[in-house]
Amino acid sequence: MSHFIGLIGPESTGKSTLASYLAKRYNGILVPEYARTYMENLNRPYTFEDVEAIARHQISLLQSLTNEKMRKCENEKIFFDTELIVTKVWFEHKYNKCPDWLIEALHRYPMDVYLLCYPDLPWVPDPVRENPDIRLELFNRYEAEIQALNIPYYIIRHC
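Just so it is clear, the model here is predicted, and its values are computed rather than measured.

Caption draft 1: Molecular detail of the environment of His 158. Looking at the secondary structure, you find His 158 in the segment after strand 5 (153-156). Residues His 158 and Pro 119, spaced 39 residues apart in sequence, show a C-alpha to C-alpha distance of 8.8 Å. Not counting the four nearest positions on each side in its chain, His 158 is found in contact with Thr 13, Tyr 118, Asp 120 and Leu 121. Engagement of the side chain of His 158 in a polar contact is seen with the backbone oxygen of Thr 13, the distance being 3.4 Å.

Caption draft 2: How the structure looks around the side chain of Glu 143. Mapping Glu 143 onto the fold places it in helix 6 (residues 135-149). No salt bridge is formed by the buried Glu 143, whose closest oppositely charged neighbour, Arg 157, lies at an N-O distance of 7.8 Å. Not counting residues within four places of it along the chain, the set of residues in contact with Glu 143 comprises Leu 116, Tyr 153 and Ile 155.

Caption draft 3: Fine view of the pattern of salt bridges. A complete count under the given rule lists nine salt bridges for this structure. A salt bridge links Asp 126 to Arg 36; the shortest N-O distance between them is 2.8 Å. Placement of the pair is Asp 126 in the loop between strand 4 (113-117) and helix 6 and Arg 36 in helix 2 (residues 34-40), with a sequence separation of 90 residues. Overlapping salt bridges, with partners in common, bring together Glu 33, Arg 36, Glu 40, Asp 126 and Arg 129 in one network.

Caption draft 4: Just helix 4 (residues 84-95), in detail. Its twelve residues place the ends of helix 4 16 Å apart at the C-alpha level, agreeing with the 16 Å of an ideal helix rising 1.5 Å per residue. Of the positions making up helix 4, those classed as buried are Leu 84, Ile 85, Val 86, Thr 87, Lys 88, Val 89, Trp 90 and Phe 91. The opening residue of helix 4 is Glu 83, an N-cap whose side-chain oxygen sits 2.8 Å from the backbone nitrogen of Ile 85.

Caption draft 5: Geometry of the sheet that holds strand 3 (residues 77-81). Here five strands make up an open sheet; going across it, the order is 2-3-1-4-5 and the pairing parallel. The two strands at the open ends of the sheet, each matched to only one other strand, are strand 2 (29-31) and strand 5. Adjacent strand axes in the sheet meet at a mean angle of 20 degrees when their direction is disregarded. With five bridges connecting them, strand 1 (residues 3-8) and strand 3 associate as parallel partners.

Caption draft 6: Highlighting helix 6. Compared with the 21 Å implied by 1.5 Å per residue over 15 residues, the 21 Å span of helix 6 between its first and last C-alpha is a close match. Considered for burial, the residues of helix 6 that qualify are Arg 135, Leu 138, Phe 139, Tyr 142, Glu 143, Glu 145, Ile 146 and Leu 149. Taken around the axis of helix 6, the buried residues stretch over an arc of 160 degrees, which confines them to a single face. For helix 6, the elements touching its buried residues are strand 1, helix 4, helix 5 (100-108), strand 4 and strand 5. Within two residues after helix 6, Asn 150 carries a phi angle of roughly 60 degrees, on the positive side.

Caption draft 7: Structural view of the environment of Leu 22. With respect to the element layout, Leu 22 can be found in helix 1 (residues 15-25). Residue classification places Leu 22 among the buried positions, given a relative accessible area of 13%. Apart from residues no more than four positions distant in its own chain, Leu 22 is found in contact with Leu 7, Phe 79 and Leu 115.

Caption draft 8: Representation of the packing of helix 4 against helix 5 within the structure. The contact between helix 4 and helix 5 brings their axes to 10 Å, and the two run at 155 degrees. In terms of orientation, helix 4 lies roughly antiparallel with respect to helix 5. Like other packed secondary-structure pairs, helix 4 and helix 5 cross with a definite hand, here left-handed. Judged by residue contacts, Leu 84, Ile 85, Thr 87, Lys 88 and Phe 91 of helix 4 engage Leu 102, Ile 103, Ala 105 and Leu 106 from helix 5. Partitioning the contact of helix 4 with helix 5 into residue classes produces seven nonpolar, one polar and one charged.

About the cut-offs
- Residues numbered from 1 in each chain as written.
- Predicted model: local features only at pLDDT ≥ 70, side-chain atom pairs only at ≥ 80, totals over all residues.
- Heavy atoms only, no water.
- Helix = DSSP H or I, 4+ residues; strand = E, 2+ residues; numbered from the N terminus.
- Contact = heavy atoms within 4.5 Å.
- Polar contact = N/O pair within 3.5 Å; in protein donor to acceptor, adjacent residues only side chain to side chain.
- Buried < 20%, exposed > 50% of the residue type's maximum accessible area, 1.4 Å probe, protein only.
- Lys, Arg positive; Asp, Glu negative; His and termini not counted.
- Salt bridge = Lys/Arg side-chain N within 4 Å of Asp/Glu carboxyl O.
- Expected span 1.5 Å × (residues − 1).
- Pairing = 2+ DSSP bridges.
- Axes fitted to C-alpha atoms, helices over the stretch in contact; angles between N-to-C directions.
- Arc of directions from axis to C-beta.
- Parallel < 35°, antiparallel > 145°, perpendicular 65-115°, else oblique.
- Left-handed = near helix turned anticlockwise from the far one by under 90°.
- Nonpolar A, V, L, I, M, F, W, Y, C, P; charged D, E, K, R; others polar.

The analysis is restricted to geometry; functional conclusions fall outside its scope.
So, in C-alpha cells, the structure goes:
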C-alpha cells in the first residue's frame, strides 16, 4: 500500500528541498507545493477565494491519490510538499476562519506520517513568503493540528 508523507512547517524551513530529496532517495512520488505555483502566477494580491481554490486543488489531488492508494499493493511513498494543515492554518491566520469543507477533508484524507520542519534555518525572502517574524508561532500551530489529528510525526531540525 502507498504511504502518504506530509512535509509541513513554516516558510523557509527547507520543506521543498527535503521533500524533493526524500522522493528521489526512496524512489517515491513528489507532490510539489501547489500554493507556491498558484501564487507566483497571480498578478494581484491574493484573496480568500484564491486560498479556497488552492485548497480545492489540494483536496482533488488527495482524492485522486487516495483512490490510487486503495488500488495499489506496492510500498510506494508519496511525499507532499505542504498539504491541508498548512492551508487550514493559513486561512485561520490570514482570515480568522477556515471553511468547514477543508476541515472535513483533513479528516477524510489523512497523511500516514508528518515531517514537521522546525524554523532553525535562516529566513530566505522571496516574493511569495510573508511571515518571517512568526515562524515559531506557526510551527507550534502546525504541531497542535497534527496532534489533534492523532497522526504520528517527527520534528526535523537542521544542523
